[in-house]
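Take a look at the letters that make up each chain.
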2 protein chains.
Amino acid sequence: MTNKITSIPIFKNITVIGPGLIGSSILRRIQKDPTISEYTVAVDNHPEVCYRVKKLKIANKVSSDPVESVKNADCVILAIPVGAMQEVAKQIIPHMKKGAILTDTGSTKASVIAAITPYLTSDISFVPAHPMAGTEFSGPDAGFESLFENRWCLITPTTSTGKESVYKIERFWQAMGANTRILDIRHHDKICAIVSHLPHLLAFTICNTADSLADETRSEVLDYAASGFRDFTRIAASDPIMWKDIFLNNREAILEMLARFTEDAQAMAKAIRWQDEDYIVKTIKKGREIRKSLINNKQA
Amino acid sequence: MTNKITSIPIFKNITVIGPGLIGSSILRRIQKDPTISEYTVAVDNHPEVCYRVKKLKIANKVSSDPVESVKNADCVILAIPVGAMQEVAKQIIPHMKKGAILTDTGSTKASVIAAITPYLTSDISFVPAHPMAGTEFSGPDAGFESLFENRWCLITPTTSTGKESVYKIERFWQAMGANTRILDIRHHDKICAIVSHLPHLLAFTICNTADSLADETRSEVLDYAASGFRDFTRIAASDPIMWKDIFLNNREAILEMLARFTEDAQAMAKAIRWQDEDYIVKTIKKGREIRKSLINNKQA
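The following refers to the structure shown. Bear in mind the structure is a predicted one, so any value in this text is a computation, not a measurement.

Quick look at the overall build of chain A
Regarding its fold elements, chain A presents 12 helices and nine strands. What you see for chain A is a C-alpha radius of gyration of 21 Å, in line with the 19 Å of a compact globule of 300 residues. A principal-axis box enclosing the C-alpha atoms of chain A has dimensions of 70 × 45 × 40 Å. Looking at chain A as a whole, 58% of its 300 residues qualify as buried. Partitioning the contacts of chain A with sequence separation of at least 6, the portion at a separation of at least 24 is 73%. With the model as given, the accessible surface of chain A reaches about 12900 Å², and the carbon-plus-sulfur share is 49%. Measuring between centres, the 37 positive side-chain charges of chain A sit 6 Å from its 34 negative side-chain charges.

A word on the interface of chain B and chain A
With 89 residues of chain B in contact, the opposing surface of chain A contributes 89 residues. Buried surface at the junction of chain B and chain A, summed over both partners, amounts to about 8900 Å²; 67% is from carbon and sulfur atoms. Here chain B and chain A share six salt bridges between them. Linking Asp231 of chain A and Arg234 of chain B is a salt bridge whose minimum nitrogen-to-oxygen distance equals 2.1 Å. Applying the counting criterion to the chain B and chain A interface returns 24 residue pairs in polar contact (both at pLDDT 80 or more). When residues of the side of chain B that touches chain A are traced back to their parent elements, those giving at least two are strand 8 (152–155), helix 7 (185–211), helix 8 (215–223), helix 9 (229–233), helix 10 (240–249), helix 11 (251–273) and helix 12 (277–296) of chain B. Taken together, the residues of the side of chain B that touches chain A break down into 48 nonpolar, 21 polar and 20 charged.

Observations regarding the relation of the copies chain B and chain A
The pair of chain copies shares a relation made of a rotation about an axis and a shift along it. For the pair chain B and chain A, the superposition axis carries a translation of 0.0 Å, the fit reaches an RMSD of 0.0 Å, and the rotation angle comes to 180°. Such a turn and shift between the copies fits a two-fold axis. Within chain B, the C-alpha atom positioned nearest to the axis of rotation is that of Phe232 of chain B, 2.6 Å from it. Mapped onto chain A, 100% of the interface residues of chain B are again interface residues, and the two copies thus contact each other with one and the same surface.

Quick look at the pattern of salt bridges
Enumeration over the complete set of coordinates arrives at 30 salt bridges over all chains. Residue Arg234 of chain A is joined to Glu136 of chain A by a salt bridge in which the shortest nitrogen-to-oxygen separation is 2.3 Å. Taken as a pair, Arg234 of chain A in the loop between helix 9 (229–233) and helix 10 (240–249) and Glu136 of chain A in the loop between strand 7 (129–131) and strand 8 (152–155) lie far apart in primary sequence, 98 residues in all. Residue Glu136 of chain A is classed as buried on the basis of its relative accessible area, which comes to 12%. Ionic contacts of the salt-bridge type, sharing partners, join the residues Glu136 and Arg234 of chain A together with Asp231 of chain B into one network.

Concerning the packing of helix 7 (residues 185–211) of chain A against helix 8 of chain B
Packing of helix 7 of chain A against helix 8 of chain B leaves a shortest axis separation of 10 Å and a crossing angle of 55°. Considering their axes alone, helix 7 of chain A and helix 8 of chain B lie oblique with respect to each other. Handedness of the helix 7 of chain A/helix 8 of chain B crossing: right-handed. Note on element contacts: helix 8 of chain B touches helix 7 of chain A through Glu216, Thr217, Glu220 and Val221 of chain B, opposite His187, Ile191, Ile194 and Val195 of chain A. Grouping the amino acids of the contact of helix 7 of chain A with helix 8 of chain B by side-chain chemistry returns four nonpolar, two polar and two charged.

Let's talk about the packing of aromatic side chains
Summed over the entire model, instances satisfying the criterion amount to 15 aromatic pairs over all chains. Aromatic pair Phe148 of chain B and Trp173 of chain B: ring centres 4.9 Å apart, planes at 80°, arrangement edge-to-face. A residue pair is termed long-range when its members are at least 10 positions apart, and Phe148 of chain B in the loop between strand 7 (129–131) and strand 8 and Trp173 of chain B in helix 6 (residues 163–175) qualify at 25 residues. A residue is classified by how much of its surface remains accessible, and Phe148 of chain B, at 1% relative accessible area, is buried. On the basis of relative accessible area, Trp173 of chain B is assigned to the buried category, the value being 1%. In textbook terms, an aromatic cluster arises when at least three aromatic residues are bridged by ring pairs, as seen for Phe11, Phe148, Phe172 and Trp173 of chain A. When the ring centre of Trp152 of chain A is taken as reference, the NZ or CZ atom of Arg181 of chain A above it lies at 4.2 Å.

Examining the sheet that holds strand 7 of chain A
All names here are of chain A. Ordered in space as 7-8-9, the three strands form an open sheet in which the pairing is mixed. At either end of the open sheet lies a strand with only one pairing partner, and these are strand 7 and strand 9 (179–182). Strand-to-strand twist in this sheet, taken as the mean axis angle between neighbours without regard to direction, amounts to 20°. Across three bridges, strand 7 lies against strand 8 in antiparallel orientation. If you follow Pro131 over to strand 8, its bridge partner there is Cys153.

Points about the pairing of strand 8 of chain B
Residues and elements named next belong to chain B. Burial along strand 8 is two-sided: Trp152 and Leu154 facing one way and Cys153 and Ile155 facing the other are all buried. Examined bridge by bridge, strand 8 and strand 9 (residues 179–182) share four bridges and lie parallel to one another. Among the inter-strand pairings, Cys153 is bridged to a residue of strand 9, identified as Thr180. In terms of handedness, the path from strand 8 via helix 6 over to strand 9 forms a crossover that is right-handed.

Notes on helix 6 (residues 163–175) of chain A
Residues and elements named next belong to chain A. For helix 6, with 13 residues, the first-to-last C-alpha span of 18 Å sits near the 18 Å given by 1.5 Å per residue. Taken together, the buried positions of helix 6 are occupied by Ser165, Val166, Ile169, Glu170, Phe172, Trp173 and Ala175. Of the residues trailing helix 6, Gly177 is marked for its positive phi of about 100°.

Side note on the pairing of strand 1 (residues 11–17) of chain B
Residue and element names in this part refer to chain B. In terms of burial, strand 1 is a largely internal element, six of the seven residues being buried. Of the pairings in the sheet, the one linking strand 1 to strand 2 (residues 37–43) comprises six bridges and is parallel in character. Paired with Ile17 across the bridge in strand 2 is Val43. Following the chain from strand 1 across helix 1 (residues 21–32) to the adjacent parallel strand 2, one finds a crossover that is right-handed. With four bridges joining them, strand 1 and strand 4 (residues 75–78) adopt parallel strand pairing. Opposite Thr15, over in strand 4, you have Val76 as the bridge partner.

What counts, and where the lines are drawn
Residues numbered from 1 in each chain as written. Chains lettered and ligands numbered in written order. Predicted model: local features only at pLDDT ≥ 70, side-chain atom pairs only at ≥ 80, totals over all residues. Heavy atoms only, no water. Helix = DSSP H or I, 4+ residues; strand = E, 2+ residues; numbered from the N terminus. Rg over C-alpha atoms; globule rule 2.2 N^0.38 Å. Buried < 20%, exposed > 50% of the residue type's maximum accessible area, 1.4 Å probe, protein only. Contact = heavy atoms within 4.5 Å. Areas by Shrake-Rupley, 256 points an atom, 1.4 Å probe, with all protein chains shown as cover. Lys, Arg positive; Asp, Glu negative; His and termini not counted. Charge placed at Lys NZ, Arg CZ, Asp CG, Glu CD. Buried area = accessible area lost by both parts, 1.4 Å probe. Salt bridge = Lys/Arg side-chain N within 4 Å of Asp/Glu carboxyl O. Polar contact = N/O pair within 3.5 Å; in protein donor to acceptor, adjacent residues only side chain to side chain. Nonpolar A, V, L, I, M, F, W, Y, C, P; charged D, E, K, R; others polar. Least-squares fit on C-alpha atoms with pLDDT ≥ 70 in both. Axes fitted to C-alpha atoms, helices over the stretch in contact; angles between N-to-C directions. Parallel < 35°, antiparallel > 145°, perpendicular 65-115°, else oblique. Left-handed = near helix turned anticlockwise from the far one by under 90°. Phe/Tyr/Trp six-rings, centres within 6.5 Å; stacked < 30°, edge-to-face > 60°. Lys NZ or Arg CZ within 6 Å of the ring centre and 35° of its normal. Pairing = 2+ DSSP bridges. Right-handed = clockwise from strand over helix to strand, strands pointing away. Expected span 1.5 Å × (residues − 1).

What follows is the structure in structure tokens.
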């Protein structure tokens, strides 16, 4: 029924700032589907990233100048670490086209909104978004066009985000293959703290705990990692700067979830010390049930 | 060079007590490789397990009577939860053939050795062993013949374990596809606490933390689990009785590793609270390095 050649793209010009894992996956998807955008610009302040994006031929233009690159864009996507959002937004917003949409892909939303809002003007609509997809790899070579397929993209509008802009960003992410959902900002940050940020924190931590063991034991950890450690630490290979920013930018929610988790872990330790078999079995069974729910939910 | 028909099997008769994930994988491997054993008996006290093993046709004989089943065995393998070892060993040892080998597949070694040693007689050689392989599934249907392929099997002889018995059990596990290594008992328990027991404890715990969140958030945890939680909790689907036993039977080492881990997690929490960027980045980078070592070690 649709005719790709004559259909109007969602955005005529899209500028992606930060063509890393997420940004380069967006660019790859657009390249395969011209109904998303006719023209793309990729911007990065690292020459080696620009070089790779040029080599990969996934953007119509590659630039290291964010100001120049946003001038003609109908949509600017900030796909950079959440700690870098403020500086870049401050720099580009005055140069954006009237009526253009600014959106982001950050994993924390309250902090990104707080960082960007002071610099917004009435003719730029900001649509905070968070595609819940990723791998433990990073950089433009790590991206792939199906990264967002059947993943969620959570959109957390502010009180000043226009409904039409939200609708366009929803359409954009659906074209990326994602399912979209509108969420309250604080609620988003709490959910991400437990499903993503805390697991990453624990994975980084256990790797450090293993690393600080006696030399002999540490080398054996590597030998025998197949017994749980390996799966458990896959996510610990993720990008350091991105994750440092996430931890600092979703501080309250992460510290709350870590406190709850620590209480639960201490209760388990106490049960092990005092041989409370019922408590231990009950805890393990509840863990299994959550896993079963995940499988029923087709997430595992 | 080898002639399977005329070669002498490692053991003429093997009895596997507990044909679950591990036990049924052993039986399947023997079935494919007659140089391991000529005749197998599977024993279980659950009628439904016996029924499944009969249906699967992976043992020459299936029985619910351990005493009768060990009489002709040259090797008896205890593939049962570590908490059940003592009772079964006490029951079967007096009925075992003189010169036969008793071995086990338990994930904790000091406790299993302490449980079995009082019942040993001078004509039975006990070779404690631990194949480091498994999945999150359990029961006879979950097993497969390649489960031990390229995995480690750690052997922890006691002062009274004969060298020849150790050698035979090593040959047995190598025939299962595993690499074998002789390890000190306490050292084994410490390594397993960090590479396997603690990751499982943390996975069970975070599932419970998620489960205790407000109803709305909990259901969203299931929706958005792809962002780390899912991988992180895969191992939480493991068998409750087996894991309760492991936690109780490797108590000291697990509590020590959990205490070290908790200190490291609290240090991370403090760094997040006080925005100590250097500490956070350093911790994440160390985590990544351990992961990289795993990849270089071909364990990931």
